[in-house]
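Residue-level structure breakdown
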Amino acid sequence: NNLGFALFQIGQKDEAITHLRQALQINPHDGKRENNLGFALFQIGQKDEAIIHFQRVLQISPDDASAHDILGRALLQVGRESESIVEFQKTLQINPRQPEIQNTLAWVLATAPLAPLRDGRRAVELAEQANQTARGENPLFLRSLAAAYAEAGRFDDAVRIAQRARELALTAGQSGLVGHLN
């Protein structure tokens, strides 16, 4: 397990995953080994298999906020938004003061492709909390707040916040983000 983790850290990902799989075969009920393999698979884009390993981590340690978070991110990336919302909510139940998770959940609740998953009021609440922590200086958090305001029907606020996010991204030289804010 340690060798696999170290190999992954230095970029030898295929060999790392081989060792992480072997470590898990030796002790198949070790949440840390499941977590390490799941994280490695997530990082190389094997989201479906990563999901399985994070679900196993949570069977072993149901209060592992990090596992709920990464499982939520993997579910979101494979288009399973409703399940990702549940995982992000569990993450915040365990550790309520995580602005990155608040922001991610706000974004999903504001932009989910299926209308029944969207909740503008809750998205605004979460995005405002995340932005308060970031003192209104994080363009990504502001982008989520603008989306939340739009979903909640607060269009003037949405435009004002989106413009602020764009200005911050331009000032910070984040040209890739600026395109997402137009």
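Structure: see above.
In this text the structure is predicted, and so the values were computed from the model without any measurement. (Residues numbered from 1 in each chain as written. Predicted model: local features only at pLDDT ≥ 70, side-chain atom pairs only at ≥ 80, totals over all residues. Heavy atoms only, no water.)

Inspection of the secondary structure assignment puts Asn36 in helix 3 (residues 31–43). If we ignore the near neighbours within four places in the chain, the residues touching Asn36 are Asn1, Phe5 and Leu20. (Helix = DSSP H or I, 4+ residues; strand = E, 2+ residues; numbered from the N terminus. Contact = heavy atoms within 4.5 Å.)

Let's shift gears to the pattern of salt bridges. Evaluation of the coordinates by the stated rule reveals 11 salt bridges. With a shortest N-O distance of 2.5 Å, Glu49 and Arg21 are connected by a salt bridge. Placement of the pair is Glu49 in helix 4 (residues 47–60) and Arg21 in helix 2 (residues 13–26), with a sequence separation of 28 residues. Note that Asp69 and Arg73 form a salt bridge whose closest N and O atoms lie 2.7 Å from each other. You can see Asp69 and its partner Arg73 sitting in helix 5 (residues 65–77), four residues apart, about one turn around the helix. Relative accessible area serves as the criterion here: at 13%, Asp69 is assigned to the buried category. (Salt bridge = Lys/Arg side-chain N within 4 Å of Asp/Glu carboxyl O. Buried < 20%, exposed > 50% of the residue type's maximum accessible area, 1.4 Å probe, protein only.)

This brings us to helix 7 (residues 99–111). When the terminal C-alpha atoms of helix 7 are compared, their 18 Å separation across 13 residues agrees well with the 18 Å that a helix rising 1.5 Å per residue should span. For helix 7, the tally of buried residues reaches 10 of 13 residues, placing the bulk of the element in the interior. Those residues of helix 7 that sit buried are Pro99, Ile101, Gln102, Asn103, Thr104, Leu105, Ala106, Val108, Leu109 and Ala110. In this structure, the buried residues of helix 7 make contact with helix 5, helix 6 (81–94), helix 8 (120–133) and helix 9 (139–151). (Expected span 1.5 Å × (residues − 1).)

To continue, consider unusual backbone geometry. The phi dihedral of Arg135 is positive, around 55 degrees, even though this residue is not glycine. Residue placement: Arg135 occurs in the loop between helix 8 and helix 9. Assessed through its relative accessible area of 73%, Arg135 is described here as exposed.

Here the focus is the packing of helix 3 against helix 4. With their axes 8 Å apart at the nearest point, helix 3 and helix 4 run at an angle of 160 degrees to one another. If you check the angle between helix 3 and helix 4, you find them roughly antiparallel. Remark: the crossing between helix 3 and helix 4 carries left-handed chirality. Seen from helix 3, the contacting residues are Gly31, Glu34, Asn35, Leu37, Gly38, Phe39, Leu41 and Phe42; seen from helix 4, they are Lys47, Glu49, Ala50, His53, Phe54, Arg56, Val57 and Ile60. (Axes fitted to C-alpha atoms, helices over the stretch in contact; angles between N-to-C directions. Parallel < 35°, antiparallel > 145°, perpendicular 65-115°, else oblique. Left-handed = near helix turned anticlockwise from the far one by under 90°.)

This next bit is on the packing of aromatic side chains. Scanning the entire structure with this criterion turns up zero aromatic pairs. Here the guanidinium or amino end of Lys47 rests over the ring plane of Phe42, the centre of that ring lying 4.6 Å away. We note Arg143 situated over the ring of Trp107; from NZ or CZ to the ring centre the distance is 4.0 Å. (Phe/Tyr/Trp six-rings, centres within 6.5 Å; stacked < 30°, edge-to-face > 60°. Lys NZ or Arg CZ within 6 Å of the ring centre and 35° of its normal.)

With that settled, consider the nonpolar core. Within the largest apolar cluster, 25 residues are counted, with the highest numbers of intra-cluster contacts made by Ile85, Leu105, Leu109, Leu126, Ala148, Tyr149 and Ile161. Elements with a minimum of two residues in this core: helix 6, helix 7, helix 8, helix 9 and helix 10 (155–171). When sequence neighbours within four positions are dropped, the list of residues in contact with Ala148 reads Ala110, Gly120, Ala123, Val124 and Ala127. Membership of the second largest hydrophobic core comes to 20 residues, among which are Leu37, Ala40, Phe54 and Ile70. (Core = buried A, V, L, I, M, F, W, Y, C linked by side-chain atoms within 4.5 Å.)

Before going further, it helps to spend a moment on the packing of helix 5 against helix 7. At a minimum axis distance of 12 Å, the contact between helix 5 and helix 7 shows a crossing angle of 30 degrees. Here helix 7 runs roughly parallel to helix 5, going by the angle between their axes. The element helix 5 and its partner helix 7 pack so that their crossing is left-handed. Contact with helix 5, carried on its side by Asp69, Arg73 and Leu76, involves Glu100, Ile101, Thr104 and Val108 of helix 7 and no other residues of that element. Residue classes in the contact of helix 5 with helix 7 are distributed as three nonpolar, one polar and three charged. (Nonpolar A, V, L, I, M, F, W, Y, C, P; charged D, E, K, R; others polar.)

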